[in-house]
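Take a look at the letters that make up each chain.
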Protein chains: 2
Amino acid sequence: MSASIPENYLDLFKKKAFGSLSTLMPDGSPQTNPVWVDYQNGEVWVNSALGRLKDKNIKRDPRVSVAVIDPDNPYRFVEVRGKVREITQEGAPQHIDKMAKKYLDKDKYPFAQAGEQRVLYKITPEHVHTMG
Amino acid sequence: MSASIPENYLDLFKKKAFGSLSTLMPDGSPQTNPVWVDYQNGEVWVNSALGRLKDKNIKRDPRVSVAVIDPDNPYRFVEVRGKVREITQEGAPQHIDKMAKKYLDKDKYPFAQAGEQRVLYKITPEHVHTMG
């Protein structure tokens, strides 16, 4: 079961639009955080670091949702619900630099902390909801 | 078990800042939508309409999270996790007009659909996470 993000909403992933990523806590309750989002080959990619709350949550339960609001029109948005299909550290440092370029116009991610290990989460959409 | 939103983040609820509300689907997976948010006496209030997905989800499982990003600085946000303590239609039509004033500077909510019955959800914070 997979779904597509309509072409006419893909611009949201080119803008500096934040996603709100929801994961599930150990007790099944939802947890929501702003994230940088990327669109690659039909999937939504999110980058975090080993050991963070969302990293632990996703490894326990891969079911997530990401809502992206158009910064130019808050009444236009896309919500993607689905599962994290792949979790990988491979390419994650390069990918966070790419996100820094997109969101901060910097060639290198400037917020890295000592010993931080980046992780990439690839989300396959199962349900896509759009508005606006 | 309840938590407080720090005083120095309450300005987020005075700005035209959208919340991202996450609720739980029947299978326990998360669902996330932009919402208008209000802060009242330590609680976060959200307004929706009878029969909507989030209305059904909340009535099945009151556990939610709301993340509010500062529109003036996307790296500053507050996340509130907690339970919907009260669901009521009382005062909900007046409340949506109040939200229309805040977000649209209109005295009356302009998007009402025929037969729509507004519902107010009052969320007691259990965990509050801030950044920036």
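Rules of the game
Residues numbered from 1 in each chain as written. Chains lettered and ligands numbered in written order. Predicted model: local features only at pLDDT ≥ 70, side-chain atom pairs only at ≥ 80, totals over all residues. Helix = DSSP H or I, 4+ residues; strand = E, 2+ residues; numbered from the N terminus. Rg over C-alpha atoms; globule rule 2.2 N^0.38 Å. Buried ≥ 20, exposed ≤ 12 C-beta atoms within 10 Å, placed from the backbone. Contact = placed C-beta atoms within 7 Å. Pairing = 2+ DSSP bridges. Core = buried A, V, L, I, M, F, W, Y, C linked by C-beta atoms within 7 Å. Nonpolar A, V, L, I, M, F, W, Y, C, P; charged D, E, K, R; others polar. Least-squares fit on C-alpha atoms with pLDDT ≥ 70 in both. Expected span 1.5 Å × (residues − 1). Arc of directions from axis to C-beta.

K.L.:
Would you take a moment to explain the overall build of chain A for this structure?
P.N.:
Helix and strand content of chain A: 2 helices and 6 strands. Tracing chain A from N to C terminus, the helices and strands come up as β-β-β-α-β-β-α-β. Over its C-alpha trace chain A gives a radius of gyration of 14 Å, about what one expects of a compact globule, namely 14 Å for 132 residues. Each principal axis of the C-alpha atoms in chain A carries an extent, and together these give about 40 × 40 × 25 Å. Counting all 132 residues of chain A, 39% fall into the buried class. Taking the intrachain contacts of chain A between residues at least 6 apart in sequence as the baseline, contacts between residues at least 24 apart amount to 70%.

K.L.:
Would you explain the pairing of strand β4 (residues 63-70) of chain B in this entry?
P.N.:
Each regular strand shows side chains that alternate between the opposite faces of the sheet. All names here are of chain B. For β4, the buried fraction is high: 7 of the 8 residues fall into the buried class. Pairing geometry for strand β1 (residues 18-24) and β4, over 4 bridges, is antiparallel. Following the sheet pairing, Leu21 is matched in β4 by Val66. In this sheet, strand β5 (residues 73-88) lies alongside β4 in antiparallel orientation, the contact comprising 8 bridges.

K.L.:
Sorry if this is basic, but what is going on with the nonpolar core here?
P.N.:
Most often, soluble globular proteins keep nonpolar side chains buried together rather than apart. In terms of nonpolar packing, the biggest core is built from 58 residues, with Val66(A), Val68(A), Val66(B) and Val68(B) touching the most fellow members. In this structure, Val68(B) is in contact with Leu12(B), Ala17(B), Gly19(B), Val37(B), Phe77(B) and Val78(B), ignoring residues within four places of it in sequence.

K.L.:
Where do I start with the interface of chain B and chain A in this structure?
P.N.:
Bring the parts together and some accessible area is lost; that lost area is often taken as the interface size. On the side of chain A, 20 residues touch chain B, which itself brings 20 residues to the contact. The class makeup of the residues in the side of chain B that touches chain A is 9 nonpolar, 8 polar and 3 charged.

K.L.:
Which parts of the structure should I look at to understand the relation of the copies chain B and chain A?
P.N.:
For the pair of chain copies, the relating operation is a rotation around an axis with a shift along it. The two copies are related by a screw operation: chain B maps onto chain A through 180 degrees of rotation and 0.0 Å of translation along the axis, at an RMSD of 0.0 Å. On this basis, the relationship between the two copies can be described by a two-fold rotation axis. Taken together, the interface assignments show that 100% of the residues at the interface of chain B recur at the interface of chain A, consistent with an identical surface on both copies.

K.L.:
I tried to follow helix α2 (residues 92-104) of chain B on my own but got confused; where do I start?
P.N.:
Turn by turn, an α-helix covers 3.6 residues, leaving residues three or four places apart pointing in a common direction. Residues and elements named next belong to chain B. In this model, α2 (13 residues) spans 17 Å end to end at C-alpha, consistent with the 18 Å of a helix rising 1.5 Å per residue. Residues of α2 that are buried include every one of Ala92, His95, Ile96 and Met99, and no others. With its buried residues spanning 100 degrees around the axis, α2 presents them on a single face. Looking at the buried residues of α2, the elements they touch are β2 (30-40), β3 (43-49), β5 and β6 (118-131). Trailing α2 by a residue or two, Asp105 shows a phi angle of about 55 degrees, which is positive.

K.L.:
Where do I start with the pairing of strand β1 (residues 18-24) of chain A in this structure?
P.N.:
All names here are of chain A. Most of β1 is tucked away, with 7 of its 7 residues classed as buried. For β1 and strand β2 (residues 30-40), the ladder comprises 7 bridges, and the chain directions are antiparallel. In the sheet register, Leu24 faces β2, and the bridge partner there is Pro30. Counting the residues between successive antiparallel strands, the hairpin from β1 to β2 contains 5 residues, one of them, Gly28, with a positive phi of roughly 90 degrees.

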